[in-house]
Amino acid sequence: MIAPSVLSADFSRLGEEVMAIDRAGCDWIHVDVMDGHFVPNISFGPLIVKAIRPLTQKTLDVHLMIEPADPYLADFANAGADVISIHIEACKHLHLSLQTIRGLGKKAGVVLNPATPVSMLENVMDHVDLILIMSVNPGWGGQKFIPESLEKLRQAKKLIGNRNIVLEIDGGVTAENAAGIAAAGASVLVAGSSVYKGNDPATYAPRIKAIRDAALSAL
Ligand code: DX5
Ligand code: ZN
């Protein structure tokens with residue numbers, strides 16, 4: 001599945017940009033929330049999630065790059081997030097935060113930065129619906145894919161085993177590296193600049209298709 005990140009959308013036309021990737025055949029819509037504290041950059045908060053919620057039926061995959069996350073989980077749930085993912089590096093009590101997300105009726109995701117080992121997840125596997133491996137350092141779109149992320153995907157895939165947990169990758173995904181990413185085990189590919197670059201809606205459908213076709217070619 002392909003999840004374009006609205007971080008690379010034209011924010012002056014955000015509603016149209018959301019509807020455009022929906023029409024262009026995306027699977028999920030990835031929503032990057034940054035606080036200027038956990039990551040250096042600031043993006044937007046729950047009000048924007050609430051504003052785009054009525055524009056699409058597709059899964060809103062909300063990636064929280066905020067610390068602390070706990071005080072805002074209910075706000076993002078109420079705003080209409082379907083998946084809420086939190087960074088292991090930003091959570092003192094990950095086990096508890098994941099249960100809070102599930103208690104709000106949402107899918108609970110956990111995100112690992114490039115320097116964080118997959119083994120950190122061993123003791124929370126039964127409380128997780130999605131694992132997101134960062135393949136860039138979080139904070140900006142348009143960075144280069146970190147190749148070591150492929151090995152982390154393989155490790156995560158192995159740890160997941162036959163559990164019902166989605167494996168997602170985020171950062172630097174392109175039609176050129178999508179096959180390797182899918183072969184390593186990711187089933188949801190976040191794509192910011194490789195879909196939205198130039199912000200011309202006519203380009204979105206062929207780009208989404210190119211990334212998906214490349215990923216499928218590896219399976
Ligand atoms: C990075 C974000 C990503 C970003 C991906 O902090 O979490 O979701 O938007 O953008 P690209 O695909 O351009 O690397
Ligand atoms: Zn993201």
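Above this text is the structure in question.
Here the residue numbers are simple positions, counted from 1 along each chain's written sequence. Chains and ligands are labelled sequentially in the order written, the chains with letters from A and the ligands with numbers from 1. The predicted origin of the model limits local features to residues at a pLDDT of at least 70 and limits the giving and counting of side-chain atom pairs to 80 or more, whereas totals for whole chains, interfaces and linings rest on all residues. Working from all heavy atoms in the structure, the side-chain values ignore hydrogens and water.

S.K.: Got a sec to walk through the overall build of the protein? Specific residues and values, please.
M.R.: Helix numbers and strand numbers start at the N terminus; a helix is a DSSP run of H or I with at least 4 residues, a strand a run of E with at least 2. Along the protein, the regular secondary structure elements total eight helices and eight strands. Expected size for 219 residues packed as a compact globule is a radius of gyration near 17 Å; at 16 Å, the protein falls within 12% of this value. With the C-alpha coordinates of the protein rotated into their principal frame, the extents come out at 45 × 40 × 30 Å. Only protein chains enter the area calculation, which uses a 1.4 Å probe; residues under 20% of their type maximum are buried, those over 50% are exposed, and those in between are partly exposed. Buried residues in the protein amount to 51% of all 219 residues. Contacts are assigned to residue pairs with any non-hydrogen atoms lying within 4.5 Å of each other. Here the contacts in the protein between residues at least 6 apart in sequence split such that 64% fall between residues at least 24 apart. Just so you know, the count uses Lys and Arg for positive and Asp and Glu for negative, and it drops His and the chain ends. Positions of charges follow a simple convention, taking NZ of Lys, CZ of Arg, CG of Asp or CD of Glu. Positive and negative charge centroids in the protein, built from 19 and 23 side chains respectively, lie 4 Å apart. Atoms counted for the radius of gyration: C-alpha only. Globule rule: 2.2 Å times the number of residues to the power 0.38.

S.K.: Any details on the environment of S12? Residues and values, ideally.
M.R.: Structurally, the position occupied by S12 is in the loop between strand 1 (2-4) and helix 1 (14-23). The class of S12 is exposed, set by a relative accessible area of 66%. Whenever two N or O atoms come within 3.5 Å, that pair is a polar contact, provided that in protein one can donate a hydrogen and the other can accept it, and provided that, for residues adjacent in sequence, both atoms are side-chain atoms. Within polar-contact distance, the side chain of S12 engages the side chain of D10 at 2.7 Å.

S.K.: An account of the coordination of the zinc ion (ligand 2) is requested, with residue identities and associated values reported.
M.R.: Octahedral metals with six donors have ideal donor angles of 90 or 180 degrees. Tetrahedral metals with four donors have an ideal donor angle of 109.5 degrees. Donors, by definition, are the N, O and S atoms found within 2.8 Å of a metal, the threshold being 3.2 Å for Na, K and Ca, and water is not counted, so a site can look incomplete. On the protein side, the zinc ion (ligand 2) has H30 (NE2), D32 (OD), H63 (ND1) and D170 (OD) as donor atoms, found 2.0 to 2.3 Å from it. Relative to the metal, the six donor atoms surrounding the zinc ion (ligand 2) lie at angles of 69 to 170 degrees, and the coordination shape comes out octahedral. All donors of the zinc ion (ligand 2) belong to a single chain; written as a sequence motif, their spacing is H-x1-D-x30-H-x106-D. Neither H30 nor D32 differs from the other in exposure class; each is buried. Metal sites are grouped by the angles between bound donors: all angles between 85 and 135 degrees with four donors is tetrahedral, opposite donors over 155 degrees apart with the others between 65 and 115 is square planar for four donors and octahedral for six, and any other pattern is irregular.

S.K.: How would you explain the site of ligand 1 if you had to name every residue and give the values?
M.R.: Taken together, 20 residues lie near ligand 1, and D32, G142, D170, G192 and S193 sit nearest. Here an oxygen atom of ligand 1 sits 2.7 Å away from a polar atom, N or O, in the side chain of D32. Between ligand 1 and G139, the relevant distance is 2.8 Å, taken from an oxygen atom to a main-chain nitrogen or oxygen of the residue. Using a 1.4 Å probe, the Shrake-Rupley method yields the accessible areas, and only the shown protein chains count as cover for residues. With the chains in place, 100% of the 380 Å² that ligand 1 exposes on its own is no longer accessible. Classifying every residue of the shell around ligand 1 by side-chain character gives eight nonpolar, 10 polar and two charged. Here a residue counts as near a molecule or strand whenever at least one of its heavy atoms sits within 4 Å of it. Think of it as three bins: nonpolar holds Ala, Val, Leu, Ile, Met, Phe, Trp, Tyr, Cys and Pro, charged holds Asp, Glu, Lys and Arg, and polar takes everything else, Gly as well.

S.K.: Give me helix 8 (residues 204-217): which residues, what numbers.
M.R.: Under the convention used throughout, the expected extent of a helix is 1.5 Å for every residue step, that is, one less than its residue count. In this model helix 8 runs 20 Å from its N-terminal to its C-terminal C-alpha over 14 residues, within 8% of the 20 Å that 1.5 Å per residue would give. Buried within helix 8 are the following residues: Y204, I208, I211, A214 and A215. The arc enclosing the buried residues of helix 8, seen along the axis, measures out at 135 degrees, which places them on a common side. Helix 8 presents L216 and S217 as exposed residues on the side facing more than 90 degrees away from its buried surface. Against the buried residues of helix 8 lie strand 1, helix 1, helix 6 (178-183), strand 8 (188-191) and helix 7 (193-196). The directions considered for the arc are those from the helix axis to the C-beta atoms.

S.K.: Can you lay out the side chain of R53 for me, pointing to particular residues and giving the numbers?
M.R.: Within the fold, R53 resides in the loop between helix 2 (46-52) and strand 3 (59-65). With a relative accessible area of 18%, R53 lands in the buried category. Ignoring sequence-local partners within four residues, the contact set of R53 consists of K58, L60, A79, G80 and D82.

S.K.: Describe the sheet that holds strand 2 (residues 28-34), with residues and values.
M.R.: Strand pairing in a sheet relies on backbone hydrogen bonds, with the paired strands running either antiparallel or parallel. For two strands to count as paired, DSSP must find a minimum of two bridges between them. A sheet is described by the order of its strands in space; here eight strands give the open sequence 1-8-7-6-5-4-3-2, paired in parallel fashion. In this open sheet, the two edge strands, each paired with only one partner strand, are strand 1 and strand 2. Strand-to-strand twist of the sheet, defined as the mean angle between neighbouring strand axes without regard to direction, takes the value 25 degrees. Examined bridge by bridge, strand 1 and strand 8 share three bridges and lie parallel to one another. Bridge pairing in strand 8 links P4 to A191. To obtain each axis, a line is fitted to C-alpha atoms, and for helices this fit is confined to the stretch in contact; angles are then taken between N-to-C directions over 0 to 180 degrees.

S.K.: Go over the pairing of strand 2 with me, naming the residues and quoting the values.
M.R.: Burial within strand 2 is extensive, with seven of its seven residues counted as buried. Burial along strand 2 is two-sided: the residues W28, H30, D32 and M34 and I29, V31 and V33 are all buried. Two elements, strand 2 and strand 3, share seven bridges in a ladder whose sense is parallel. Bridge pairing in strand 3 places H30 opposite D61. For the crossover from strand 2 across helix 2 to strand 3, the handedness is right-handed. Look down the strands so they point away from you; if going from the first strand over the helix to the second traces a clockwise path, that crossover is right-handed.

Read these as spatial facts, not as claims about activity.
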